[in-house]
Amino acid sequence: AENGGELIFEKEGVYLHTNAKRSNEDTTIPGFIRIIERVRFTDGEDGGEEETKFDPGYEPDWAVISTVKQTRAKEQLKITLMSCSVLLPPGQWGSFSLPLSELYSLRRARFSLGRNFMVLTSRGGHPLPPLHFHRGGTRELLRAMQRYIRLAPSPVDGRLFLAYPHDSGALSQSFDELHLFDDTGSDLVSRFIQDPYATTFGGFSKVTNFFRGALRPPESPLHGCTPAGNHAPHTADDEPGFELITCQGAELGPRPTVTRGQPLDNWEQFLDSEGRVTDPQIVKELVFRGGIIPPLRKEVWKFLLGFFPWNSTAKEREDIIRVKTDEYFRMKVQWKSVSEEQEMRNSLLRGYRSLIERDVNRTDRQNPFFSGNENPGLTLLHDVLMTYCMYNFDLGYVQGMSDLLAPLLFVTQNEVESFWCLTGFMELVHQNFEESQEAMKQQLLQLSLLLRALDPELCDYLDSQDSGSLCFCFRWLLIWYKREFPFDDILSLWEVLWTRIPCANFHLLLACAILVSQRGELIGSNHDFNSILKHINELNMKLDLESVMCEAEGIYLQMAQCKELPVRVQEVLGLYVPSSSDEESPQSEPKETDGLLSQSLARGATACQPSNPHATPRPPPTYP
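All of these numbers come straight from a predicted model, not from anything done at the bench.

1. Topic: helix α13 (residues 456–464)
Stage number 1. With 7 of its 9 residues buried, α13 lies for the most part within the structure.
Stage number 2. Following α13 by one or two positions, aspartate 466 has its phi on the positive side, about 60°.

2. Some thoughts on the confidence of the model for the protein chain
Stage number 1. Per-residue confidence for the protein chain averages 74 on the pLDDT scale, and 65% of its residues sit at or above 70.
Stage number 2. Across the protein chain, the secondary-structure element scoring lowest on mean pLDDT is strand β4 (residues 67–69), at 31, and the one scoring highest is helix α15 (residues 487–498), at 98.
Stage number 3. Scored below 50 in pLDDT, residues 19–26 makes 13 contacts in the model with residues more than four places away or belonging to other chains.
Stage number 4. Note on residues 582–624: pLDDT under 50 across the span, and 92 contacts to partners over four residues away in sequence or across chains.

3. Regarding the pattern of salt bridges
Stage number 1. Scanning the model with the defined rule gives 29 salt bridges in all.
Stage number 2. A salt bridge links glutamate 299 to lysine 302, with the nearest nitrogen and oxygen atoms 3.7 Å apart. Placement of the pair is glutamate 299 and lysine 302 together in helix α5 (residues 294–304), with a separation of 3 residues, close to one helical turn.
Stage number 3. Lysine 482 serves as the salt-bridge partner of aspartate 364, at 2.8 Å between the closest nitrogen and oxygen.

4. Topic: the nonpolar core
Stage number 1. The biggest cluster of nonpolar side chains holds 125 residues, and the ones touching the most others in it are Trp267, Phe433, Tyr481, Leu493 and Met559.
Stage number 2. Residues in contact with methionine 559, not counting those within four places in the same chain, are Leu252, Leu450, Ala453, Leu454, Leu565, Val569, Leu573 and Leu575.
Stage number 3. Leu120, Phe133, Leu142 and Ile149 belong to the second largest nonpolar core, which has 24 residues in total.

5. Re the environment of alanine 406
Stage number 1. Within the fold, alanine 406 resides in helix α10 (residues 401–412).
Stage number 2. C-alpha separation for the pair alanine 406 and leucine 378, spaced 28 residues apart in sequence, amounts to 9.4 Å.
Stage number 3. Setting aside residues no more than four positions away along its own chain, alanine 406 makes contact with Thr363, Asp364, Phe370, Leu381 and Phe487.

6. Examining helix α6 (residues 314–336)
Stage number 1. In this model, α6 (23 residues) spans 33 Å end to end at C-alpha, consistent with the 33 Å of a helix rising 1.5 Å per residue.
Stage number 2. Buried within α6 we find Arg317, Ile320, Tyr328, Met331, Lys332 and Trp335.
Stage number 3. On the buried face of α6, the contacting elements are α5, α8 (347–360), α9 (376–391) and α11 (415–429).

7. Section: the side chain of arginine 317
Stage number 1. Relative to the helices and strands, arginine 317 resides in helix α6.
Stage number 2. Glutamate 299 provides the closest opposite charge to the buried, unpaired arginine 317, separated from it by 4.3 Å.
Stage number 3. There is a polar contact of 2.6 Å between the side chain of arginine 317 and the backbone oxygen of serine 312.
Stage number 4. The residues contacting arginine 317, other than those within four sequence positions of it, are Gly275, Glu299, Phe303, Phe308 and Ser312.

Basis of the calculations
Residues numbered from 1 in each chain as written. Predicted model: local features only at pLDDT ≥ 70, side-chain atom pairs only at ≥ 80, totals over all residues. Heavy atoms only, no water. Buried < 20%, exposed > 50% of the residue type's maximum accessible area, 1.4 Å probe, protein only. Helix = DSSP H or I, 4+ residues; strand = E, 2+ residues; numbered from the N terminus. pLDDT = per-residue confidence, 0-100. Contact = heavy atoms within 4.5 Å. Salt bridge = Lys/Arg side-chain N within 4 Å of Asp/Glu carboxyl O. Core = buried A, V, L, I, M, F, W, Y, C linked by side-chain atoms within 4.5 Å. Expected span 1.5 Å × (residues − 1). Lys, Arg positive; Asp, Glu negative; His and termini not counted. Polar contact = N/O pair within 3.5 Å; in protein donor to acceptor, adjacent residues only side chain to side chain.

Take a look at the structure:
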């Protein structure tokens, strides 16, 4: 017995990683883990008693002091605790404990094909520090836990298991319907929507802390789980095996070396006698390969962003400008004609105006086009954003949109044209700004899939430091790296991304390229969660765009060559070709991207056997 309870399981050789602030202290503390079943007798007269967990005595980045309110019972209450005790200098013992009924999830992984670790997350949303099992024992621990709870594998991560009581009715529902990323933190989302400058842009850790919880929400409603049964985590005969969502066993082969080309510098050669663009695909490929010279951006951007159709004549474009100018000013008049008295009764419009006025005064003020007081560029920025609220009142204005407009206004130098270019840009990214943030969560998940296929060891390291959600990439994806590169580089980057070549998710490959370029610093310097955040955030304005784009394209070509790539990764990259019975599936890759894929793959990666017998192998890509 242990303190009046029955000792169910005990394992020594468990090391706690504390992320201690003092660099002269070892960040791993030896100890043991136990599962104890205790019986408490209550008279049922009060509301329950509070049990306080112990303070381990050091300064971790997570809280171990909390209380658990026990439910009322007339006779007795059985409590099953998982406790971890550690030896603290100078020889004093400290511990923390967690009732298994309060366990939300556990994540298992193996770092560097050696040390096994496990991360537990409570239903309060607080992950405990990684527990490293230097002497094995995770399989036995899980078996002991399953006497009291069910462990259901997540559909999006084979190493993540959600905990449910044995009598949970949710387990009778279909596991395929489980939405891991259902969000109950709407208050936090709303706070982010209202002031992302104070979260993402200003206090970077605040939005990170939100996503640490949002990606694994403890109280998320269950839309479905595994069918009833014993869903133990998959283990191999050796201690222990792990099921990964990666291209485990797939050899990616060498990464092709990619170089950038010359920018598009002759626009007239692509126009016929009536002004139509004769070959839009060639134009896009040239833009992807080398960008556009600055004098041509004003014209070409309007095609890339859908203001002008590619097959329109010069005369038709004149008509479009006339119609769109009239439409723009009719919308502008709508908000300009609202009196102060009317606006006092329209809290939504008043809120939009307030946010816009605040953001306009801090958007790209170092750029001469927006610098200084009483700058006409600031007035245009304000007016275009207010008019967009009339154009899309459901979305209205969300902070960050001023970052998207500023380069458009700088290039076009025209109020009307910048507005319609903004609407085209927002067609690509508007979901990033929606209150549910589902699109952002999905992109982080897709980024995780790509990175794990590319560099599983880096992913395991990030997991071991509770950084596997990649939430520190949130700002990159939200506004397409606007805060990570200098203003002139953003002009070059965005025109490349607008081509949608080689795939619609090329911005995710850019993130992979950046993270892989930092793997030596991240792993070699033994960063913890906070220092990883700090290091990534300090990369802004220090990255070389040309190198990042070349590396991102090389990663795409490297993955495109491997026929053993998991289907989910193929789908993210637009490489998945369905079987003949599904030829008309919308998942198939658009034809216009086929021509870009490169002859450099002939240099070569090794061929692999398809992992999906129903998928048609994709032919080796070739450049035109």
